[in-house]
Structures are given as C-alpha cells and as structure tokens.
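# Commentary on secondary and tertiary structure
Now for the letters of each chain:
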Amino acid sequence: MNFNTRVLDQAERNSFNLSEQIRFLSISSRNMDEFFIVRVGFLYHHYLDRNKEKKDSSGLRPEELKDLVLDKAQAFFTRQQNIFTEHILTALHKKGVNILPYESLKTIEPPSLKKYLKEISSNLRIHEWTEKDPLPALPSHRLILFVPNPKEKHFFLVLPRKIPRFYALEKSSSSQNLQLIPTESILKAYLSSLIPALKHAQLSETMLFRILRNADFTLNSLDDDTEEISTLDRLERKVEKRKTGRIVRMEYLSSFSDSALVLFKRVFQIENKNVFRIQTPICIDSISLSALGAYLPPLTSPHIGSSPSPNINFFEKLKEEDILLYHPYESFEWVLKFLEQAVKDPKVESIKMTIYRLSPHSKIVDLLLLAAEKGKQVWVLFEIKARFDEVQNIRYAQSLKRAGCTVLYGYQGFKVHAKLLLISRKEKEKTLSYVHIGTGNYNESTSKTYADISLITCQEDYTQDVTEVFEALQRQRVKPKKSYQRLLVPLYHMKDAILQKIKGEIENTRQGLPSGIVIKVNALQDEEIIHALYQASQAGVPIRLIVRSICCLIPGIRGLSENISARSLVGKHLEHARILYFHQNGKPQIYFGSSDFMYRSFHRRLEVMAEIREPLHKEKIINILNTQLKDDTNSYLMHPNGDFEPVKTSATSPTDAHRFNPINPPHEDTIIDPSKKNIFSFA
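All of the points below concern the structure found in this document.

The rules behind the values
- Residues numbered from 1 in each chain as written.
- Predicted model: local features only at pLDDT ≥ 70, side-chain atom pairs only at ≥ 80, totals over all residues.
- Heavy atoms only, no water.
- Helix = DSSP H or I, 4+ residues; strand = E, 2+ residues; numbered from the N terminus.
- Polar contact = N/O pair within 3.5 Å; in protein donor to acceptor, adjacent residues only side chain to side chain.
- Buried < 20%, exposed > 50% of the residue type's maximum accessible area, 1.4 Å probe, protein only.
- Arc of directions from axis to C-beta.
- Contact = heavy atoms within 4.5 Å.
- Phe/Tyr/Trp six-rings, centres within 6.5 Å; stacked < 30°, edge-to-face > 60°.
- Lys NZ or Arg CZ within 6 Å of the ring centre and 35° of its normal.
- Pairing = 2+ DSSP bridges.
- Core = buried A, V, L, I, M, F, W, Y, C linked by side-chain atoms within 4.5 Å.
- Salt bridge = Lys/Arg side-chain N within 4 Å of Asp/Glu carboxyl O.

## Remarks on the side chain of Glu330
Assignment of secondary structure puts Glu330 in the loop between strand E10 (323-327) and helix H11 (333-344). Only 2.8 Å separates the side chain of Glu330 from the side chain of Lys620, close enough to count as a polar contact.

## As for helix H8 (residues 258-268)
What H8 keeps buried is the set Ala260, Leu261, Leu263, Phe264 and Phe268. One face of H8 carries all of its buried residues, which in axial projection span an arc of 160 degrees. Away from its buried face, by an angle of more than 90 degrees, H8 presents the exposed residues Asp258, Ser259, Val262 and Arg266. Buried residues along H8 sit against strand E2 (125-129), strand E3 (144-147), strand E4 (154-158), strand E7 (207-213), strand E8 (247-253) and strand E9 (275-278). Just downstream of H8 lies Gln269, where phi reads positive at about 50 degrees.

## Some details on the packing of aromatic side chains
One pair of aromatic rings is described through two measures. These are the centre distance and the angle between the planes. Overall, the coordinates contain 27 aromatic pairs when judged by the stated rule. The interplanar angle of 25 degrees and the centroid separation of 5.2 Å between the aromatic rings of Phe16 and Phe24 together place this pair among those described as stacked. On the basis of relative accessibility, which here comes to 5%, the residue Phe16 falls in the buried class. Site record: aromatic cluster; members linked through ring pairs are Trp129, Phe146, Phe156, Phe209, Tyr252, Phe256, Phe264 and Phe268. The positively charged end of Arg249 is found above the aromatic ring belonging to Phe276, 5.9 Å away from the centroid.

## Remarks on the pairing of E7
Among the seven residues that make up E7, seven are buried, leaving the element largely enclosed by the rest of the structure. Side chains Met207, Phe209, Ile211 and Arg213 project from E7 onto one buried face, and the interleaved Leu208, Arg210 and Leu212 project onto a second face that is buried too. As paired elements, E3 and E7 share three bridges and run antiparallel to each other. Its bridge partner being in E7, Phe146 is matched across the sheet by Met207.

## A word on the nonpolar core
Soluble globular proteins tend to pack their nonpolar side chains together in the buried interior. Counting residues in hydrophobic clusters, the biggest one holds 104 residues, and the most contacted among them are Phe36, Ile498, Leu524, Leu533 and Leu545. Tallying contributions element by element places helix H2 (residues 18-46) first for this core, with 13 residues. If near-sequence neighbours (up to four positions away) are discounted, Ile498 is found in contact with Leu488, Ile529, Leu580, Phe582, Phe597 and Phe602. By size, the runner-up hydrophobic cluster in this structure holds 46 residues, among which are Tyr326, Leu408, Tyr411 and Leu606.

## Digging into the environment of Asp71
By the element assignment, Asp71 lies in helix H3 (residues 62-94). When its relative accessible area of 40% is taken as the criterion, Asp71 is described as partly exposed. Asp71 sits 203 residues away from Asn274 along the chain, and the two C-alpha atoms are 9.4 Å apart. Of note is the side chain of Asp71, whose polar atom sits 3.1 Å from the side chain of Lys273.

## Re the pattern of salt bridges
On inspection of all chains with the given rule, the structure shows 34 salt bridges. The shortest N-O distance in the salt bridge between Lys153 and Glu128 comes to 3.1 Å. Taken together, the positions of Lys153 in the loop between E3 and E4 and Glu128 in strand E2 put the pair 25 residues apart, joining distant regions of the chain. Exposure remark for Lys153: the relative accessible area of 38% places this residue in the partly exposed category. Among the salt bridges present, the one from Lys520 reaches Glu575, with a minimum N-O distance of 2.7 Å. A residue pair is termed long-range when its members are at least 10 positions apart, and Lys520 in strand E19 (residues 517-521) and Glu575 in strand E22 (residues 574-575) qualify at 55 residues. Overall, the relative accessible area of 3% leaves Lys520 in the buried class.

The following block contains the structure:
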C-alpha cells in the first residue's frame, strides 16, 4: 500500500504532463483493485471468515490488520479523489474537456448516440430482484446501475465491459470543447426503453456502484500420478469461483440513498469500512487517453535504442560476442528478431521456452506456431498459475498444442517464473545451442514501459546450464545438482550461494579490503537474507538497496544497519530488473534475473539468476546501478521508521534515471578498476 501511495504521488508531479499524470492515476487505481481482490481477499478467506486468531510477524491479529488496512485505504481513496477533482479535472477543463451529465445535451441528440445506445443495449445484462430472492451473481469490477422500484421489483443493470466509460460528444460548429457524458447518465435517461416494465413506473434516483470479489487462490501440489488435464480442470474451476467470491470492497456514488446502502451492506455481508463513498466518477482508471485525443499532450517516449539491423545474422554475431540489452532503452525487437530468425532458419531444429505472461495479441505465439508449421520441435512450458493470466495462458497453450507443439502446464509443486529461451541449431557435424535469459516477460506490450535486462548468448557454460533447467522441467522432478556454472537456481542452491557471497564481503571487510553489496529487487522479504545483510552492515560492509515495493529490512539503525541505505524508484518506467552486485575487492561479481528476495522466490518458485561475465557488460550494469543510486528525480529514501521520503531534486543538475541514458555514461563512474571512484560513494 505504501508503494501504491508512491505511484499516486506521480499523478501530482509537475515534471509529468497531464497525459502521464492521468496514466499514473489509472495505475494507482488498478493497483488498489488488485490489492483488495488478492491481499484483502486472502485475509478474509484464510483468517477472518474462518475465525482464525493467528498473529502476524508484527503482532497484529487478523481483525486488527484488517482495520489498519481499511483505514489506510479510506485515506488513499480520499487523496486519490482530491487529486482527480482539484488537479486533473481543472487541468482538463483548461484543455477544453468537461465531464457533464446527460442533461447537458438538452434537446440535441447526436446521430452517434443512437449507435452508442444500440451497442449498450445489445450487451447490457439486466437482473430482476426482490429482497426475498437470492442476490443475482453480480460480477466483480463492473459498473452496476441499481434501479429501485416502488413495486418492490428492483433491477440491476450490469454495464458492458467493452463499452467506453464515457460517451464523447462531437465538437459542434459553435463549440470547440469536448464533452464527456458518463455512460450511466445516458442509461438513466433511456431506462424506460431499455426495461419495458419501467415504462410507467415512478422511479426514484438510480444508484451506481461497483463491487470487488476475492480472487486469491492457490493450487496445491499435485500427486505424481495426477493427469495434467485435471490441473486444467481444477484451475478453470478456481477461476470460475472468482465470479462468486466474497465481496471485499464496494464503492458507490455519493447519490446512493441511505436505505439502499443499509440493504446492500446486509445482502453483500460487507462491513462499513469495506464500503467506499466516491464523489468522482467510479473507475477513475477508465478515462481513456485515446478518447481525449488531441486535447491532451502525447505520452512522452523514452530513449529507445535502435532496433537490430534487418540484415543481422544473430547466429554469426553471437559467435563473436554476447548481446546484453536494457529495455526499454534498447528495443525488445532484438529479442523478437532473434526468435523470428530462429523460426525461419532451416538449420534450427528445436525451440524451447518458459512463458509466464504474454501480450493479448502475442507475436511470440505467432512465431511459435510458424515454427511448428515449418516442422521444428517446439516445446513450451506455460505457467498457467500466473495470476489473472490463467485463462489467456491456457488458450495460448491449447492453440500451440493443436499445432503439434509439446506443451507443459507448469512444474509440479512450483510456479515457474524464470524467463528462458533455448534454441538448438545443427551446424556442420554438431548441434549448437543459443539462449536468451531475461528479467521480464515475453510480452512486447509491457516491454515498452518495464525496465528489464536481456542476455543473448551461445557461450557453452550458459547454454549447458539452461539446457539442464529445461531437462529438469521436462522430468518434472527435482534432480539435485551442487552448482551450475553461470546460473543460480532456487531449487538447487540460489539462496545458499547468495548467503556465501554476503559472507565473502564480510570477510573482505575484516581483512581491510574493499567490499560492498548492491541489491536491486522488486521486494525484499526473506528473513535469512535480511539477517545476513544486518551482519554485513555490522561488520562495516557498505550496502545499497534499490527495492521497488516491499522492503522488510530496516536501514539506518545504529549498531544494526547503519551501513545500509534503501531506496525505491517510482517513475516513468516500472523497475522490473533484478540485479545483484558484490564488490569482491574490485573484481565485481554481478547477477541478473527473475528472482526477488522473498521466501516464495527461493522455496516455491523456479527462478533463474545469471552471472554477467563480460567486462563491458559488467560496466554497463554498473553504470545502470550508478545512475539509479544518483537519481534524485524518481527516488524515495527509506527511513528507519519505514516511511519513504522523496529525494530532494538538485536545482542545478538533477539526475533522472528514466530519462538519462544509462547505457553510455562517462566511464569514470565505473568500478571495474577499484582505483576509480566507486558505486559506494553515492549514499
């Protein structure tokens, strides 16, 4: 929740234009929706609804934790609405954009309105209901118009998902302004034509609301003899249960009547604190930037490096050097082009991938289907337990299976979060392997805004390690192995290796040698890692943490963590890359990969962290870390009390890690040579 507060901060940043501010307001709204249906849903399902009194690690009972969370949520939504009404609406008005009720149309009915109404009515779901009947299965996340009827037969109108939140009234010759009419305002005006039973009824005020249902579930480990189809069946049943899960949040427009509100609390079995009164239009995140068109400035684009040359031959280039990419500053087209070339190359015999999340219209799937059509062996592990992408992943997996690809639905007992691609190519008398290892999903849509790292290589130590991972996935059994050459893998030795590297920095400090640790992850929660970092701090090892969201380590405590600083970067890009840096007396060892420092990452997921070996690639990663540790535009420093405070921006020379190109900065900031100014001079 604190992280999402930092996201909401961006909606007030003057350095962002109005389009970017609206975008961050939308992101904060979607984030809070997910927080309720997953985290709050989990709290109810596993504790509150079962009357469990177990205390959490901070000593809070479930009821106390719930109250704390809901109070904080109420404050969050109050601030979010204030930003919308006092800042966003005012700025839109200055641009000639106004949100107005249907009555503002007066007697004018634009031709496009009939088409809009027809589209709504053909997809509108209408439920009749009396208070004596069971409540209809009202869907989560959808806008619902409640029409109370004096004759005691009430109506719920579920607005179609695909209908725009607002009807945009075309500019007239007399006005250059854009008027946005909320959909529910139009529905209210045409109720009698939509519901014949209401034609002669004397209706009171209609009321708009939205509910969110618990969507948290887990699939238990399966027995060895369980068929994979039963996994799909169980998953589909679990997904179906989301439609009727407990209601964890209700939000309603302030025009809701008191009597209706009392009724809804009773039938929804929902408490006062889970009910949120909204002054602004419900679904702030549904304000479409595309609908506003020319009235808003465009979203600014990041510095995107050039895409690969059309004439590039990856298989020849990789024999000369590895390719290390930093997205989105370097285009994800490099990865797509690499896969496309493998698909079209007649020498390529097989393609293997792990897939966690894909874009709705995936080029990756299209290329894999083409590879199967060309007779190549295609093997894909789809993680069908990727939350909220389960249905899409099943659909993609089944289409590949029908095309003759070998498809595996996850890994027994674990969630596969690693991002790996393995290509086998027949060259002369032997078969060579080429791999891609990434921190981000194979999703060309999110690759434009997520900051991630990719390595493409044919070096044998990497390809052997990745091959071993795929063999383990195919066996569906954990086959212990003492160590990989270039990879850290949780099921084998990842945490132990990291703990050993922390101990190595402690030993260097005790011997009077240079030392230091930089960890960049999305979340830091694992207790063993945290205690090891405390020990390193007490020994005098300088430690710099870049933790995007959850940080359970407390920095800056004298005698415990005074040598640790922790910061969060929240800005134009979602910081998604995980990077580990160990100084090692001026000979740094660097890893990147998919794993956060959470218990689940080390014990319940298959992750991969890969070592960066090439000196120039090390320098590139160090430059990225240096830039982010000097950032004073997107950074928040964590205080010992757990609060995050924005770093004060330099008036003369601010550093913005999301606008400054960290790929080719001045070389004096690198620490390949320990005699040079090093990364730990930046607090």
